[in-house]
Amino acid sequence: MIKSELYQITKSKVIILCLFLSIFYMLALALTYNYDYIVLPLRQGIKVDVSLNEFTEFMFKDYSLLIPITLIFAYYYTKNNLRFVVLVSKGIGKTKIFFTQLCTSYLLVLIYLVINILIGYVFFISISAYNIKFDYSFYDIIPFLILQFLCFCGYSTVIYIISLIVKDNDIVIIVISVLILVLNLWMPKLSGALGITYSLYNYWIMGLSSLMSINQIYFDIDKILITLAIYIFGFNYLAYKIFIKKSLFFKGSKV
């Protein structure tokens, strides 16, 4: 079933367009980083050490990777609901359907991030190649990227829950956009007002992603892992319960 899901994804023009959009963002990020952190300092006579670690963090600092995958999952989750009626009619249980969709979404996250990160690195290295020594440490980058992968998996579950409740592609996008905006604006302010040093925004899964620092992850690893566990296990359990009970299409079908 997972292979069938991935096949359907490769046939979707919307998802392919979103992938190309994300690649365009990677080019824009490489150009921006190169200009702000390499070209400008060099023009001012400042010695520059090009850091692949810093660029890796930079790729996740804004919503460049977030926007395309939000569109991808909003489309994937809402458009597949009707197709699952056929699977139910063939006697396939809801639990199997749920975990098929969940595993497919995680594979989609992995493929999406691998493609974009590798392309981002290619853009960055080719643009920034001014005979400057590159500073990097894969021992630091790889754990950071694994945690980012888990962040995006958790985020996909949030979209899944909203899609199960709303079931309309456009409304899902609006709801998640408002959610991101509100949490981005108010959770840091609330943290400051309460005198909390570790921003509450870090406990929002994409806040954790955008604020995560390679040099800091081992100091905050307990908070990071607790946050990830809540989203990946807690929110998936919530999504499963909603999936089992919510859809009218699955009445009378086996769990």
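Each value, and the rule that gives it
Residues numbered from 1 in each chain as written. Predicted model: local features only at pLDDT ≥ 70, side-chain atom pairs only at ≥ 80, totals over all residues. Heavy atoms only, no water. Helix = DSSP H or I, 4+ residues; strand = E, 2+ residues; numbered from the N terminus. Buried < 20%, exposed > 50% of the residue type's maximum accessible area, 1.4 Å probe, protein only. Areas by Shrake-Rupley, 256 points an atom, 1.4 Å probe, with all protein chains shown as cover. Core = buried A, V, L, I, M, F, W, Y, C linked by side-chain atoms within 4.5 Å. Expected span 1.5 Å × (residues − 1). Bend = angle between axes of the 7 residues up to and from the residue. Axes fitted to C-alpha atoms, helices over the stretch in contact; angles between N-to-C directions. Parallel < 35°, antiparallel > 145°, perpendicular 65-115°, else oblique. Left-handed = near helix turned anticlockwise from the far one by under 90°. Contact = heavy atoms within 4.5 Å. Nonpolar A, V, L, I, M, F, W, Y, C, P; charged D, E, K, R; others polar. pLDDT = per-residue confidence, 0-100. Phe/Tyr/Trp six-rings, centres within 6.5 Å; stacked < 30°, edge-to-face > 60°. Disulfide = S-S within 2.5 Å.

Q: Whenever I open this one, the overall build of the chain confuses me. Can you help?
A: Helices and strands together make up the secondary structure of the chain, namely 10 helices and 2 strands. In the chain, the succession of α and β elements from N to C terminus is α-α-β-α-α-α-α-β-α-α-α-α. Across the 255 residues of the chain, 47% fall into the buried class. Carbon and sulfur atoms make up 69% of the accessible area of the chain, which totals about 13,200 Å².

Q: Explain the nonpolar core here, please?
A: Taken as a class, soluble globular proteins show a tendency for nonpolar side chains to be buried jointly. In terms of nonpolar packing, the biggest core is built from 72 residues, with Phe60, Tyr155, Trp204 and Ile205 touching the most fellow members. The greatest single-element share of this core, amounting to 14 residues, is contributed by helix H7 (residues 138–166).

Q: Looking at this structure, I do not really get helix H2 (residues 13–43). What am I missing?
A: Structurally, the α-helix is built with 3.6 residues per turn, so residues lying three or four positions apart point the same way. Taking 1.5 Å per residue as the helical rise, H2 with its 31 residues ought to reach 45 Å, and the 43 Å between its terminal C-alpha atoms agrees with that figure. Helix geometry: H2 is bent most strongly at Tyr35, by close to 35 degrees. Within the span of H2, buried status applies to Ile15, Cys18, Ser22, Ile23, Met26, Leu29, Ala30, Tyr33, Asn34, Ile38, Val39 and Pro41. Just beyond H2, the residue with positive phi is Gly45, at close to 75 degrees.

Q: What is the right way to read the packing of helix H4 (residues 66–79) against helix H6 (residues 94–127) from this model?
A: Packed helix pairs are characterised by how far apart their axes lie and by the angle those axes make with each other. Contact geometry of H4 with H6 gives a least axis separation of 12 Å together with a crossing angle of 155 degrees. Classified by the interaxial angle, the pair formed by H4 and H6 is roughly antiparallel. Here H4 runs over H6; the crossing is right-handed. Taken together, the residues of H6 that come into contact with H4 (itself represented by Pro68, Ile69, Ile72, Phe73, Tyr76 and Tyr77) are Gln101, Thr104, Ser105, Leu108, Val109 and Tyr112.

Q: Looking at this structure, I do not really get H7. What am I missing?
A: Under the 1.5 Å per step criterion, the end-to-end length of H7 is 41 Å for 29 residues, consistent within 8% with the ideal 42 Å. Immediately downstream of H7, the backbone of Lys167 shows phi near 65 degrees, a positive value.

Q: How should the packing of H4 against helix H8 (residues 169–194) be read in this particular structure?
A: Relative to each other, H4 and H8 sit at 140 degrees, their axes nearing to 9 Å. H4 and H8 meet at a crossing whose hand is right-handed. Where H4 abuts H8, its residues Leu66, Thr70, Leu71, Ala74, Tyr75 and Thr78 lie against Asn169, Val172, Ile173, Ile176 and Ile180. Grouping the amino acids of the contact of H4 with H8 by side-chain chemistry returns 8 nonpolar, 3 polar and no charged.

Q: So what exactly am I meant to see when it comes to the environment of Tyr76 here?
A: Position of Tyr76 among the secondary structure elements: in helix H4. Sequence-wise, Tyr76 and Gln101 are 25 residues apart; in three dimensions their C-alpha atoms are separated by 9.4 Å.

Q: Mind showing me how you'd approach the confidence of the model for the chain here?
A: Residues shown with low pLDDT carry predicted positions that ought not to be read at fine detail. Mean pLDDT over the chain: 83, with 85% of residues reaching 70 or higher. By mean pLDDT, the top-scoring element of the chain is H7 (92), and the lowest-scoring one is helix H5 (residues 83–89) (63). Counting contacts from residues 248–253, a segment whose pLDDT is below 50, to residues more than four positions away or on other chains yields 10 contacts.

Q: Explanation requested: the packing of aromatic side chains in the structure shown.
A: For any pair of aromatic rings, the description rests on two quantities: the centre-to-centre distance and the angle between the ring planes. One pass over the full model with this rule turns up 20 aromatic pairs. Between Phe73 and Tyr77, the ring centres sit 5.4 Å apart and the planes meet at 15 degrees, which makes this aromatic pair stacked. With a gap of 4 residues between them, Phe73 and Tyr77 both fall in helix H4, about one helical turn apart. Among the residues examined, Phe73 registers a relative accessible area of 0% and is labelled buried. Seen in terms of ring centroids, Phe98 and Phe243 are 5.7 Å apart; in terms of plane orientation they differ by 50 degrees. Their pairing is tilted. Here Phe98 is found in helix H6, whereas its partner Phe243 is found in helix H10 (residues 221–246), with 145 residues between them in sequence. Using a relative accessible area of 1% as the deciding quantity, one classes Phe98 as buried. Note on Phe243: relative accessible area 2%, which makes it buried.

Q: Would you mind going over the state of the cysteines with me for this structure?
A: Working definition: the covalent bond between the sulfur atoms of two cysteines is a disulfide. The final tally for this structure, using the stated rule, is 0 disulfides. The structure places no disulfide on Cys151, whose sulfur is separated from the nearest cysteine sulfur, that of Cys153, by 9.3 Å. Classification of Cys153 by relative accessible area gives buried; the value is 1%.

Q: Sorry if this is basic, but what is going on with the environment of Ile119 here?
A: With respect to the secondary-structure elements, Ile119 resides in helix H6. Counting along the chain gives 89 residues from Ile119 to Ala30, while the straight-line C-alpha distance between them is 9.9 Å.

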